[in-house]
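Analysis of the macromolecular model
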Amino acid sequence: MGIGPITAIYQARFLRYLRHRGLANTQTRHVWGVFGDGEMDEPESIAGLSLAAREGLDNLTFVINCNLQRLDGPVRGNGQIIPELESLFRGAGWNVIKVLWGSEWDALFARDKKHALLRRFAATVDGKYQTLGARDGGYNLVHFFDEDPEVHALVGICRTETLTV
C-alpha cells in the first residue's frame, strides 16, 4: 500500500505550511510514523523521503519495524532490508538510528573480541532470518551458530557458563 509514510510526510509538511503562513502555531507539533519494512518497500514510501528532505521536515520521525513481512508475503529480494533502508534514508538526508538486537545479546557481543558474530549477522540474508525465526533454538544452533567455527566456539562458551551458573 505505502500510503502511511507519504501521509505522515504530507502531515508534517502541512503543519509547516500552517506555521509559515501564521495560520496556526505548530512549532511544538511533531509527526511520528510507525511502519513496517513491507510498507517501506512500496514505491510511494520511498519517493516521499526526498520530499521530506527537500522541505527540511525536522518535525517528522519514522520508526520502522523490520520483521521481513508484508501483506502479500516476504519483503522483496533476498538481501538485507535494514542496510538498504538505512542507505535510502541517509541518501535522502535523514538521520538514522538503528536498534537491531535486544540487551539479551550484550554478553555474547562483549565476548566477541574478533567480531565473528557481527560478521555472521552481516553475511546472513533476510530469507535465512525468516527461516530461523520460524524454527526452534536447536535448528538455529545448527543452521546459524554452528556454521561458523568462531561463532560456534563463542556460543559454546556461553552455553557452558549458563549451565554452571
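Owing to the predicted nature of the structure, the values given are computational and were not obtained by experimental measurement.

So, on to the overall build of the chain. Along its length, the chain carries nine helices and four strands. The order of α-helices and β-strands along the chain, N terminus first, is α-β-α-α-β-β-β-α-α-α-α-α-α. A buried classification covers 32% of the 165 residues belonging to the chain. Long-range pairs, those at least 24 residues apart, make up 68% of the contacts in the chain with a sequence separation of at least 6. Looking at the chain as shown, the accessible area adds up to about 10400 Å², and 57% of this sits on carbon and sulfur atoms.

For the chain, the mean per-residue pLDDT works out to 85, and 88% of the residues sit at or above 70. Confidence, expressed as mean pLDDT per element, reaches its minimum in the chain at strand β4 (residues 73-74) with 65 and its maximum at helix α1 (residues 3-20) with 94.

Along the chain, the position of Ala 53 falls in helix α3 (residues 43-55). Sequence separation between Ala 53 and Ile 9 is 44 residues, and the spatial gap between their C-alpha atoms is 9.9 Å. Once residues lying within four places of it in the same chain are set aside, the contact partners of Ala 53 are Ala 92 and Trp 94.

So, about α1. Note on helix geometry: an α-helix contains 3.6 residues per turn, so any two residues three or four positions apart are oriented the same way. In a regular helix each residue adds 1.5 Å, so 18 residues correspond to 26 Å; α1 covers 25 Å between its end C-alpha atoms and thus fits that length. When we look at burial in α1, the residues that qualify are Pro 5, Ile 6, Ala 8, Ile 9, Ala 12, Leu 15, Arg 16 and Leu 18. If you follow the buried residues of α1, they end up packed against β1 (31-36), α2 (37-40), α3 and β2 (60-65). Of the residues trailing α1, Gly 22 is marked for its positive phi of about 70°.

Taken as a whole, the largest pocket encloses approximately 1300 Å³ of empty space. Taken together, 43 residues make up the lining of the largest pocket; nearest its centre are Cys 66, Ile 82, Lys 98, Val 99 and Leu 100. Every element with two or more residues in the lining of the largest pocket is listed here: α3, β2, α4 (81-91), α6 (116-123), α7 (126-134) and α8 (137-143). Among the residues forming the lining of the largest pocket, the class breakdown is 30 nonpolar, ten polar and three charged.

Within this structure, the stated rule accounts for eight salt bridges. Here Arg 120 ties to Glu 147 by a salt bridge, and the two come within 2.5 Å at their closest N and O atoms. Taken together, the residues Arg 120 in helix α6 and Glu 147 in the loop between α8 and α9 (149-164) connect sequence positions 27 residues apart. The partly exposed category is assigned to Glu 147, whose relative accessible area is 43%. Within this structure, Arg 13, Arg 54 and Glu 55 form a network of salt bridges that share partners.

The rules behind each value
- Residues numbered from 1 in each chain as written.
- Predicted model: local features only at pLDDT ≥ 70, side-chain atom pairs only at ≥ 80, totals over all residues.
- Heavy atoms only, no water.
- Helix = DSSP H or I, 4+ residues; strand = E, 2+ residues; numbered from the N terminus.
- Buried < 20%, exposed > 50% of the residue type's maximum accessible area, 1.4 Å probe, protein only.
- Contact = heavy atoms within 4.5 Å.
- Areas by Shrake-Rupley, 256 points an atom, 1.4 Å probe, with all protein chains shown as cover.
- pLDDT = per-residue confidence, 0-100.
- Expected span 1.5 Å × (residues − 1).
- 1 Å grid on protein atoms, 1.4 Å probe; cavity = no way out; pocket = protein on both sides within 12 Å on 5 of 7 lines; lining within 4 Å.
- Points joined across faces, edges and corners; volume = space filled by probe spheres on them.
- Nonpolar A, V, L, I, M, F, W, Y, C, P; charged D, E, K, R; others polar.
- Salt bridge = Lys/Arg side-chain N within 4 Å of Asp/Glu carboxyl O.

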